[in-house]
Amino acid sequence: MSPQPDVSYSLEGRVALVSGGARGLGAAFVRGLHNQGATVLIGDLLEDEGRALAEELGDRARFVPLDVTSEPDWAAATEAATGLGGLHVLVNNAGIANAGRIEKYERPQWDSVIAVNLTGVYLGVRAAVAPMKAGGGGSIVNISSVQGMRGGAALHGYTASKWGVRGLTKSLAVELGPDRIRVNSVHPGFVETDMTVHLDAQRQIIPLGRTARPDDLVGAVVFLAGDASAYVTGTELVVDGGMIAGVPLR
């Protein structure tokens, strides 16, 4: 009988950068990566909340100002990571949402959500690739959505951006695989955050019977960040309580 593989979720000795890391899903990812031993950079525009989280976590956490639409901000954030020992994990989490029926969905609404949700991912990966190559590889985790798997009325910019993240993940995985850089996407369902507080959770048909909390997504990101997923790239990991698994009947 062959020996059982030693599967480890430890991230000790690794440096991770999380965009939109000051609150909500991003803060949950920061805590999860930190709990597994990573040094974590919290990239966000929310300076007070980001610095408070870094202070709470202690020595292996740093706040870095990060507007994901800014190339200089990404350059500074990745430089900060290399100053701590390299860049081994990038979690592209920052995102916004807006809505409107197509006849009234104005160009600035479209441009703003595409800039943050899709162009921000593109810029983040561009900035991360050089230090990851220099370090012998890494893991990029792009946070998409179940809206990157299906359509949603009045969510045109958001849906397009999340499908774009899913597609970009595929092309990056193919290109960067030879450099030992893995790229995967995570697709949350309805998560209780500031972004969804105004939505009616009771309208969601979820086989597991409840909406998600940010902590429900942490395991997926920790798994994809480390060696437990060493042979996983170019895939989408749906974490939605089963909401898109069947045909809605309600």
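The structure displayed is predicted, hence computed values, not measured ones.

Caption draft 1: Representation of the packing of helix α4 (residues 107–134) against helix α5 (residues 156–176). Contact geometry for α4 and α5: axes closest at 8 Å, N-to-C directions at 20 degrees. By the criterion of interaxial angle, the relationship of α4 to α5 is roughly parallel. Of the two elements, α4 crosses α5, and the hand of that crossing is right-handed. When α4 is examined against α5, the residues Trp110, Val113, Ile114, Asn117, Leu118, Val121, Tyr122, Val125, Val129 and Lys133 are found in contact with a partner set consisting of His156, Gly157, Tyr158, Ala160, Ser161, Lys162, Gly164, Val165, Leu168, Leu172 and Leu176.

Caption draft 2: Summary view of the sheet that holds strand β1 (residues 15–19). Reading across from one edge, β3-β2-β1-β4-β5-β6-β7 is the order of the 7 strands in this open sheet, with parallel pairing throughout. Either end of the sheet is taken by a strand with one partner, and the two such strands are β3 (61–65) and β7 (236–239). On average, each strand axis in the sheet is inclined to that of its neighbour by 20 degrees, with strand direction left out of account. One ladder, built from 5 bridges, connects strand β2 (residues 39–44) with β3; its direction is parallel. Its bridge partner being in β3, Val40 is matched across the sheet by Ala61. Along the sheet face, α4 touches β4 (89–92), β5 (138–143) and β6 (181–188) and points at about 180 degrees away from the line of β4.

Caption draft 3: Representation of the nonpolar core. Grouped together as the largest cluster of nonpolar side chains are 31 residues, with contacts concentrated most on Phe29, Leu33, Val91, Val186 and Val221. Those elements that provide at least two residues to this core are β1, α1 (24–35), β2, α2 (47–57), β3, β4, β5 and α6 (218–225). Those residues in contact with Val186 that sit more than four places away from it in its chain are Val141, Asn142, Ile143, Ser144, Ser145, Leu217, Ala220, Val221, Leu224, Leu237 and Val239. Grouped together as the second largest cluster of nonpolar side chains are 27 residues, Leu123, Val125, Ile140 and Val183 included.

Caption draft 4: Quick peek at the layout of surface pockets. Within this model, the second largest pocket holds a volume of roughly 300 Å³. Around the second largest pocket sit 13 residues that line it, and Arg14, Gly137, Gly138, Arg180 and Asp227 are the ones nearest its centre.

Analysis parameters
- Residues numbered from 1 in each chain as written.
- Predicted model: local features only at pLDDT ≥ 70, side-chain atom pairs only at ≥ 80, totals over all residues.
- Heavy atoms only, no water.
- Axes fitted to C-alpha atoms, helices over the stretch in contact; angles between N-to-C directions.
- Helix = DSSP H or I, 4+ residues; strand = E, 2+ residues; numbered from the N terminus.
- Parallel < 35°, antiparallel > 145°, perpendicular 65-115°, else oblique.
- Left-handed = near helix turned anticlockwise from the far one by under 90°.
- Contact = heavy atoms within 4.5 Å.
- Pairing = 2+ DSSP bridges.
- Core = buried A, V, L, I, M, F, W, Y, C linked by side-chain atoms within 4.5 Å.
- Buried < 20%, exposed > 50% of the residue type's maximum accessible area, 1.4 Å probe, protein only.
- 1 Å grid on protein atoms, 1.4 Å probe; cavity = no way out; pocket = protein on both sides within 12 Å on 5 of 7 lines; lining within 4 Å.
- Points joined across faces, edges and corners; volume = space filled by probe spheres on them.

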